[in-house]
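Here is how the chains run, residue by residue.
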Amino acid sequence: MDGQLRRHARFVAALFLVSLALRPQIIATAPLIPSIQSELGISHTVAGLLGSIPVLCMGLFAPVAAYVAGWVGARWAIAASVAMVAAGGLLRLAGPTTAVLILLTVPVGIGIAVAGTLMPAVVKSRLAHRPAFGTGIYATGIQLGAAVSAALAVPLAHLHGGWRFSLAIFSVAAAFSAGAWLALGGREGRSPLRVKPPKMPLRNPTAWQVSLVFAMIAVCFYGLSAWLPDAYVEHGWSEGKAGWLLALVQAVTVPTGLLVPWLADRRGSRRLYLTTAAAVQMGGLLGVQLLPGAAWLWAVVLGMGIGTLFPLAMTLPLDLSHDAAAAGAVTGMMLGVGYTITGFAPFVLGLVRDATGSFSASLWLIVAIEGCLLVASTRLTHERLHAHAQPAAPVGGAAGR
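J.: For this particular structure, what's the right way to read the overall build of the protein?
T.: Looking only at helices and strands, the protein features 18 helices and zero strands. When each of the 401 residues of the protein is scored for burial, the buried share is 58%. Excluding contacts between residues fewer than 6 apart, the proportion of contacts in the protein whose partners are at least 24 apart in sequence is 86%. Accessible surface for the protein amounts to roughly 15700 Å². Of this, 69% is attributable to carbon and sulfur atoms.

Structural data, given as structure tokens:
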């Protein structure tokens, strides 16, 4: 029993450490956008591509994850994907032009897509008795990585070399995360190394509903992550102070992301937590718009909403499946549809900013999407999720290595 506990502890540590690398390349860019724009002479619309392209890749390449895991195994697929994030992050910083910088953002998005898509399936396989807890662990790692990168992006840029040096530090950190995953994650045991990836549940109406709910959650998150600091720079804040505001949003998500999944395993329903969090986040968004001077308060409120919504959204595929393979299929569809839609958000919001001359209209658009999320979340009942759950993959679909 002690050996099993140690294996679980090492796996949880590996899960947490590797998840730290899955957002800094996106989130750290936001506070640095004014510096990037100044050096490269680009508009908000073009700058929005730095946030849009990785998220769009996360959507387009999420369905590929099951095939990669079926080829090399989930353990090596995650390690290679995070290594790709590190390599892509370093290579794009050497690009002399805006086009090269944007083009080399693609492998960063692909790496994040594959690793992020495999996380729920790995949790379903290794921590089947505590799925929400396992989801909370890697969701917290993602949120903590986002918070630290948002807080340190501008100070690191001021320390040495500008925005390129800052993003390079986070790329090197991603390489260490990949090594930690291999060192601590342990062998996969009964891993689906040669499982034929199941077809995505494209005819399952609840899977589509879950995918659209995730899309709305992600649009609000990445829209705010991309442009909230710049919106407050327009209010006269310094880049560093605006970066700390985004860092506070991300930091609040960490304890929330741990507490709420723990409660969700024990009491209450997904619908209760999702609708409450959507209402809380809408309150924060309205506060930013109507009383922007209370920015630090609204950052806390937004963090509470985001910290609840993201880990619970990643738990929904587990509620809608009977085994790890089915969970991977639902997750692939949810992330594929959700992130493909979300990938356009930073670009469109930047386009609206350029068209109107301020971020007010862009933020009101996010408020409207949050209202749609609140309504859609009320339909995700326990009965609906389990009535439309994906069946387990046939035993004959796997072949041992």
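That was the structure; now back to the text.
J.: Explain the side chain of threonine 253 to me, please; I cannot follow it from the model alone.
T.: Inspection of the secondary structure assignment puts threonine 253 in helix H12 (residues 239-264). The buried category is assigned to threonine 253, whose relative accessible area is 0%. Here glutamine 250 takes part through its backbone oxygen, which lies 2.4 Å from a polar atom of the side chain of threonine 253. Contact partners of threonine 253, with chain neighbours within four places excluded, come to Gln143, Gly303, Ile306 and Gly307.

J.: Help me understand the pattern of salt bridges, please; the structure alone is not making it clear to me.
T.: Opposite charge on two side chains permits them to pair, given that their charged atoms come into close proximity. Enumeration over the complete set of coordinates arrives at two salt bridges. For arginine 353, the salt bridge identified is with glutamate 234, shortest N-O distance 2.4 Å. Taken together, the positions of arginine 353 in helix H16 (residues 345-356) and glutamate 234 in helix H11 (residues 205-234) put the pair 119 residues apart, joining distant regions of the chain.

J.: How should I be thinking about the nonpolar core in this particular structure?
T.: One finds Ile78, Val82, Trp181, Phe214 and Tyr339 to be the most contacted residues of the largest nonpolar core, which totals 118 residues. The element that contributes the greatest number of residues to this core is H11, accounting for 16 residues. The residues contacting valine 82, other than those within four sequence positions of it, are Val18, Ala21, Leu22, Ala115, Ala174, Ser177 and Ala178.

J.: Before we go on, may I ask you to explain the side chain of glutamine 143 in this structure?
T.: Looking at where glutamine 143 falls in the secondary structure, it is placed in helix H9 (residues 131-159). Judged by its relative accessible area of 4%, glutamine 143 falls in the buried class. Once residues within four sequence positions are removed from consideration, glutamine 143 is found in contact with Gln250, Thr253, Val254, Gly257, Ile306, Gly307, Phe310 and Pro311.

J.: Even after reading the chapter, I still don't get H11, so can you show me in this structure?
T.: For an α-helix the count is 3.6 residues per turn, leaving residues at separations of three or four pointing the same way. In this model, H11 (30 residues) spans 42 Å end to end at C-alpha, consistent with the 44 Å of a helix rising 1.5 Å per residue. With a side-chain oxygen lying 3.0 Å from the backbone nitrogen of threonine 206, the N-terminal cap of H11 falls on asparagine 204. Just downstream of H11 lies glycine 236, where phi reads positive at about 100 degrees.

J.: Looking at this structure, how should I read the packing of aromatic side chains?
T.: How two aromatic rings sit relative to each other is given by the distance of their centres and the angle of their planes. In this structure the tally under the stated criterion is seven aromatic pairs. Note on tryptophan 227 and phenylalanine 359: the rings are 5.3 Å apart at their centroids and 35 degrees apart in plane angle, and the pair reads as tilted. Of this pair, tryptophan 227 sits in helix H11 while phenylalanine 359 sits in the loop between H16 and helix H17 (360-377), and the two are 132 residues apart along the sequence. Here tryptophan 227 and phenylalanine 359 have matching classes, each one buried. Joined through ring pairs, the aromatic side chains of Phe214, Phe221, Tyr222 and Tyr339 make up one cluster. The ring of phenylalanine 359 is capped by arginine 353, whose NZ or CZ atom sits 5.6 Å from the centre of that ring.

J.: Quick question: what am I supposed to make of the environment of glycine 136 here?
T.: Tracing the chain through its elements places glycine 136 in helix H9. Through-space distance from the C-alpha of glycine 136 to that of threonine 256 is 9.3 Å; in sequence the pair is 120 residues apart.

J.: Would you explain the packing of helix H3 (residues 29-40) against helix H4 (residues 44-61) in this entry?
T.: Between two packed helices, the angle of one axis relative to the other and the distance separating the axes together describe the packing. For the pair H3 and H4, the least separation of the axes is 10 Å and the interaxial angle reads 140 degrees. Overall, the two elements H3 and H4 adopt an arrangement that is oblique. The element H3 and its partner H4 pack so that their crossing is right-handed. Contact residues: H3 offers Thr29, Ile33, Ile36 and Gln37, while H4 offers His44, Ala47 and Leu50. Partitioned by chemical class, the residues of the contact of H3 with H4 number four nonpolar, three polar and no charged.

J.: I keep staring at the packing of H4 against H11 and nothing clicks. Help me out?
T.: The geometry of H4 relative to H11 is characterised by a closest axis approach of 10 Å and an angle of 155 degrees between their N-to-C directions. With respect to H11, the axis of H4 lies roughly antiparallel. For the crossing formed where H4 meets H11, the hand is right-handed. Between H4 and H11, the contacting residues are His44, Ala47, Gly48, Val55 and Met58 on the first element and Tyr222, Trp227 and Asp230 on the second. For the contact of H4 with H11, the class distribution of residues is five nonpolar, two polar and one charged.

J.: What's the story with the environment of glycine 162 in this structure? I'm lost.
T.: Within the fold, glycine 162 resides in the loop between H9 and helix H10 (163-184). Given the relative accessible area of 25%, glycine 162 is considered partly exposed. Spatially, the C-alpha atom of glycine 162 lies 8.1 Å from that of serine 35, the residues being 127 residues apart in sequence.

J.: Please explain H3 as it appears in this structure.
T.: A rise of 1.5 Å per residue sets the reference length of H3, with its 12 residues, at 16 Å; its end C-alpha atoms lie only 14 Å apart and thus fall more than 12% short of the reference. Among all positions in H3, only Thr29, Ala30, Pro31, Leu32, Ile33, Pro34, Ile36 and Gln37 are buried. One or two steps after H3, the chain reaches glycine 41, where phi turns positive at roughly 65 degrees.

Rules behind the numbers
Residues numbered from 1 in each chain as written. Predicted model: local features only at pLDDT ≥ 70, side-chain atom pairs only at ≥ 80, totals over all residues. Heavy atoms only, no water. Helix = DSSP H or I, 4+ residues; strand = E, 2+ residues; numbered from the N terminus. Buried < 20%, exposed > 50% of the residue type's maximum accessible area, 1.4 Å probe, protein only. Contact = heavy atoms within 4.5 Å. Areas by Shrake-Rupley, 256 points an atom, 1.4 Å probe, with all protein chains shown as cover. Polar contact = N/O pair within 3.5 Å; in protein donor to acceptor, adjacent residues only side chain to side chain. Salt bridge = Lys/Arg side-chain N within 4 Å of Asp/Glu carboxyl O. Core = buried A, V, L, I, M, F, W, Y, C linked by side-chain atoms within 4.5 Å. Expected span 1.5 Å × (residues − 1). Phe/Tyr/Trp six-rings, centres within 6.5 Å; stacked < 30°, edge-to-face > 60°. Lys NZ or Arg CZ within 6 Å of the ring centre and 35° of its normal. Axes fitted to C-alpha atoms, helices over the stretch in contact; angles between N-to-C directions. Parallel < 35°, antiparallel > 145°, perpendicular 65-115°, else oblique. Left-handed = near helix turned anticlockwise from the far one by under 90°. Nonpolar A, V, L, I, M, F, W, Y, C, P; charged D, E, K, R; others polar.

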